[in-house]
Amino acid sequence: MSSDDAKGDATRLIHTGRDASRFGGAVNPPIQRASTILSPTADGLYNTPKSLYGRMGTDVHEVLKEGLKTLEAADYVQLTPNGLSACSLALSACLRAGDHVLVTDSAYGPTRRFAERHLKRMGVSSTFFHPRASAEEFGALVRPETRAVFLESPGSLTFELHNLQSLLPICRENKLTTILDNTWGAGVYLKPLDLGVELVLQALTKYVIGHSDGFGGAVMTRDRKLASELEAIAQDWGLSMSPDDAYLAQRGLRTLTTRIEAQGASALKIAEWLEQQPQVRRVYHPALPSHEDHEIWARDFTGSSGLFSFTLKTRDQSELNRFFEALKYFGFGFSWGGFESLLIPCDPQLKRSECSEWANRQQGSLMRVSIGLEDIEDLKSDLDQALSAI
Ligand SMILES: *Cc1c(COP(=O)(O)O)cnc(C)c1O
C-alpha cells in the first residue's frame, strides 16, 4: 500500500503510515501508554536503534511523523507537546547568545513573548518587522549578527501575508535560517519547504487534531543539520508528545483535507457576506480580492482555511455586548481549527510594535472567527441577527 505516487494530499494522508503487516492488520496504530519499554536482554538496553523509553516516542509517534512528512513535504519531523513549544524549539535551534533574530510583528502572541522574554535572557536580541515589509525595508534590518527570521503567514489576528518571493532571497544572501509558522494553512494550502523556507512548524492543536481535544506541535525540515539541532534541544528540554495526543493528531491527518476544505469554503462565503454588512468596517481574509495581500495569496497558496477576522465599526462596549450576547452558535474561546465555530474579540491580546498600523487601534473592534462544520445558513443567520442587535 504505497502512497508515494498518489498526487493528491487526501490520498497520501490517508495511506501514509499504514501497512496490513503492521499492528496485527489494524487500520489504526495502537496507543502504547509506555514509559518503560523492555529489552529482552540487558545488553539490548544499550545496543538497539529502537526507542526503549516512551519519551523518545512509540509506534503512534512514528505513524504521525510519517504523515507529517507527507503533509509538509519534509524529510525530518520533531514532535513537541504543543504548538508553542514548536515555535520556541525552532527559534532555539538556530540561535545562540550574541545572535539577533528578525520576528514578524504579526507573530502569535506567545511566540513574540518568547522572543521578548526568554531569548533576551539567553542573550539573543530580536527586532519585530512589518509583515508587509518590502525587500528593501527588510534587508535594512539585517545586522552582521542576524542569524534567523521567524515568519507567520497569514499573521495571527490581522492576517497579513509575507511576500516570500521577495524576502527569501535576502535571507539566503545573508545566510539567515528561515522559520515559518504554517498553522493557518495547515500544510494543505501552503508548502513552505517547497518555496525555500528551512523550518516549517505547526500547532497540530488546531486543524490537524481538529476537534479541540488535544495538544501537539511539530517542526519539520529537509535539512539534516537543522534536524539534529532540533532533536538535541528537544532532548535537552525533555520535550515529548503524549501517545494519546499523537494518536489524535495522526487520526486528524486522515480527515484533514476534507475538514479544512469544508471549513474554508464556509468561511470564505461568510467573509464575503460580512463585507456587505453595514455594521462591518473591514474583513481580513486573504482570499477576498479586497485583502491587501490577495495577489500574494493567489500566487503562493492553493486555498484558504476557516480562520479570519473582521472589524465592527462600533467601539462602544454596550453595543458590542449586545452583539456577543445575541450569538447562539459561536462559542467564545481560544484556539481554533476545531469542528465548532468560535469568536473572540481580539483587542485585549493584540500586541503590535510601532512598525505596524495596528499599534494605534483606530481601526474598529477586531473580531476573529474560526468557522466550524455547522450548516453555513445557520452560522450566517446567527451572525445576521447578532449584527442587527447592535
Ligand atoms: C495556537 C497557535 C500556536 C500555539 O499552539 P498551542 O498548541 O496552543 O501551544 C502557535 N502558532 C499559532 C499561529 C497558533 O495559532
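Reading the values: the criteria
- Residues numbered from 1 in each chain as written.
- Predicted model: local features only at pLDDT ≥ 70, side-chain atom pairs only at ≥ 80, totals over all residues.
- Heavy atoms only, no water.
- Helix = DSSP H or I, 4+ residues; strand = E, 2+ residues; numbered from the N terminus.
- Rg over C-alpha atoms; globule rule 2.2 N^0.38 Å.
- Contact = heavy atoms within 4.5 Å.
- Areas by Shrake-Rupley, 256 points an atom, 1.4 Å probe, with all protein chains shown as cover.
- Lys, Arg positive; Asp, Glu negative; His and termini not counted.
- Charge placed at Lys NZ, Arg CZ, Asp CG, Glu CD.
- Polar contact = N/O pair within 3.5 Å; in protein donor to acceptor, adjacent residues only side chain to side chain.
- Pairing = 2+ DSSP bridges.
- Axes fitted to C-alpha atoms, helices over the stretch in contact; angles between N-to-C directions.
- Phe/Tyr/Trp six-rings, centres within 6.5 Å; stacked < 30°, edge-to-face > 60°.
- Lys NZ or Arg CZ within 6 Å of the ring centre and 35° of its normal.
- Near = heavy atom within 4 Å.
- Nonpolar A, V, L, I, M, F, W, Y, C, P; charged D, E, K, R; others polar.
- Left-handed = near helix turned anticlockwise from the far one by under 90°.
- Salt bridge = Lys/Arg side-chain N within 4 Å of Asp/Glu carboxyl O.
- Buried < 20%, exposed > 50% of the residue type's maximum accessible area, 1.4 Å probe, protein only.

Even after reading the chapter, I still don't get the overall build of the protein, so can you show me in this structure?
When helices and strands are counted, the protein shows 12 helices and 11 strands. Relative to the compact-globule value of 21 Å for 390 residues, the protein shows a C-alpha radius of gyration of 22 Å, a close match. Sequence separation of 24 or more characterises 73% of the internal contacts of the protein that already satisfy a separation of 6 or more. Carbon and sulfur atoms make up 50% of the accessible area of the protein, which totals about 17200 Å². Of the side-chain charges in the protein, 41 are positive and 49 negative, and the distance between the mean point of each set is 3 Å.

Just to check I follow, could you spell out the environment of Ser 353 for this structure?
Looking at where Ser 353 falls in the secondary structure, it is placed in the loop between strand S10 (342-345) and strand S11 (365-370). Between the C-alpha atom of Ser 353 and that of Phe 128, which follows or precedes it by 225 residues, the distance is 7.3 Å. In terms of polar contacts, Ser 353 uses its side chain to reach the side chain of Asp 105, at 2.7 Å.

Explain the sheet that holds strand S9 (residues 307-312) here, please?
Backbone hydrogen bonds hold the strands of a sheet together, and the pairing may be parallel or antiparallel. Strand order in the open sheet formed by 4 strands is S8-S9-S11-S10, with antiparallel pairing between adjacent strands. Since the sheet does not close on itself, it has two edges, and those belong to strand S8 (280-284) and S10, each with one partner. The mean angle between the axes of side-by-side strands here comes to 20 degrees, regardless of whether they run parallel or antiparallel. Both S10 and S11 contribute to a ladder of 4 bridges, which runs antiparallel. Bridging across to S11, Leu 342 finds its partner in Ser 370. Contacts from helix H9 (residues 243-275) reach S8 and S9 within the one sheet, and its direction differs from that of S9 by about 15 degrees.

Got a minute to help me understand the packing of aromatic side chains in this structure?
In this description, a pair of aromatic rings is defined by centroid distance and the angle of the planes. All chains considered together, the criterion is met by 5 aromatic pairs. Cluster of aromatic residues (ring-pair linked, three or more members): Phe 323, Phe 324 and Phe 332. Over the aromatic face of Phe 128 sits the side chain of Arg 112, whose NZ or CZ is 4.1 Å from the ring centroid.

What is the right way to read the site of the ligand from this model?
Lining the immediate surroundings of the ligand are Asn 82, Gly 83, Leu 84, Tyr 108, Glu 152, Ser 156, Asp 181, Ala 203, Thr 205, Lys 206, Phe 215 and Trp 336. Here an oxygen atom of the ligand sits 2.8 Å away from a polar atom, N or O, in the main chain of Leu 84. Take Thr 205: an N or O atom from its side chain is 2.5 Å from an oxygen atom of the ligand. Residues belonging to the shell around the ligand are distributed by class as follows: 5 nonpolar, 4 polar and 3 charged.

So what exactly am I meant to see when it comes to the sheet that holds strand S3 (residues 125-129) here?
What the 7 strands build is an open sheet, ordered S1-S7-S6-S5-S4-S2-S3; its pairing is mixed. Each edge of the open sheet is held by one strand with a lone partner, namely strand S1 (76-80) and S3. The average undirected angle you get between the axes of adjacent strands in this sheet is 20 degrees. Both strand S6 (residues 199-203) and strand S7 (residues 217-221) contribute to a ladder of 5 bridges, which runs antiparallel. Of the residues in S7, the one forming a bridge with Leu 199 is Thr 221.

How should the packing of helix H2 (residues 59-72) against H9 be read in this particular structure?
The description of two packed helices rests on the angle between their axes and on the distance between the axes. Between H2 and H9, the shortest axis-to-axis distance is 9 Å and the interhelical angle comes to 35 degrees. By crossing handedness, the relation of H2 to H9 is classed as left-handed. Between H2 and H9, the residues in contact are Val 60, His 61, Val 63, Leu 64, Gly 67, Leu 68 and Leu 71 and Pro 243, Ala 246, Tyr 247, Ala 249, Gln 250, Leu 253, Arg 254 and Leu 256, respectively. Considering only residue class, the contact of H2 with H9 consists of 11 nonpolar, 3 polar and 1 charged.

Even after reading the chapter, I still don't get the pattern of salt bridges, so can you show me in this structure?
Pairs can form between side chains of opposite charge once their charged atoms are near each other. Taken as a whole and assessed by the stated rule, the structure comprises 14 salt bridges. Where Glu 62 meets Lys 65, a salt bridge forms, and the shortest distance between an N and an O atom there is 3.8 Å. Of this pair, Glu 62 and Lys 65 both sit in helix H2, 3 residues apart, which is roughly one turn of the helix. On the accessibility criterion, Glu 62 (35% relative accessible area) is partly exposed.

Help me understand unusual backbone geometry, please; the structure alone is not making it clear to me.
Excluding glycine, residues mostly have negative phi values, and the peptide bonds linking residues are mostly trans. Omega for the peptide link from Ser 153 to Pro 154 comes to -5 degrees, which places this bond in the cis form. Note on placement: Pro 154 falls in the loop between strand S4 (146-152) and helix H6 (164-173). We note that Phe 159 has phi near 65 degrees; this positive angle belongs to a residue other than glycine. Tracing the backbone shows Phe 159 in the loop between S4 and H6. One non-glycine residue with positive phi stands out, namely Lys 175, at about 55 degrees. Among the secondary structure elements, Lys 175 is positioned in the loop between H6 and strand S5 (177-181). On the basis of relative accessibility, which here comes to 70%, the residue Lys 175 falls in the exposed class.

Taken by themselves, the reported measurements are silent on function.
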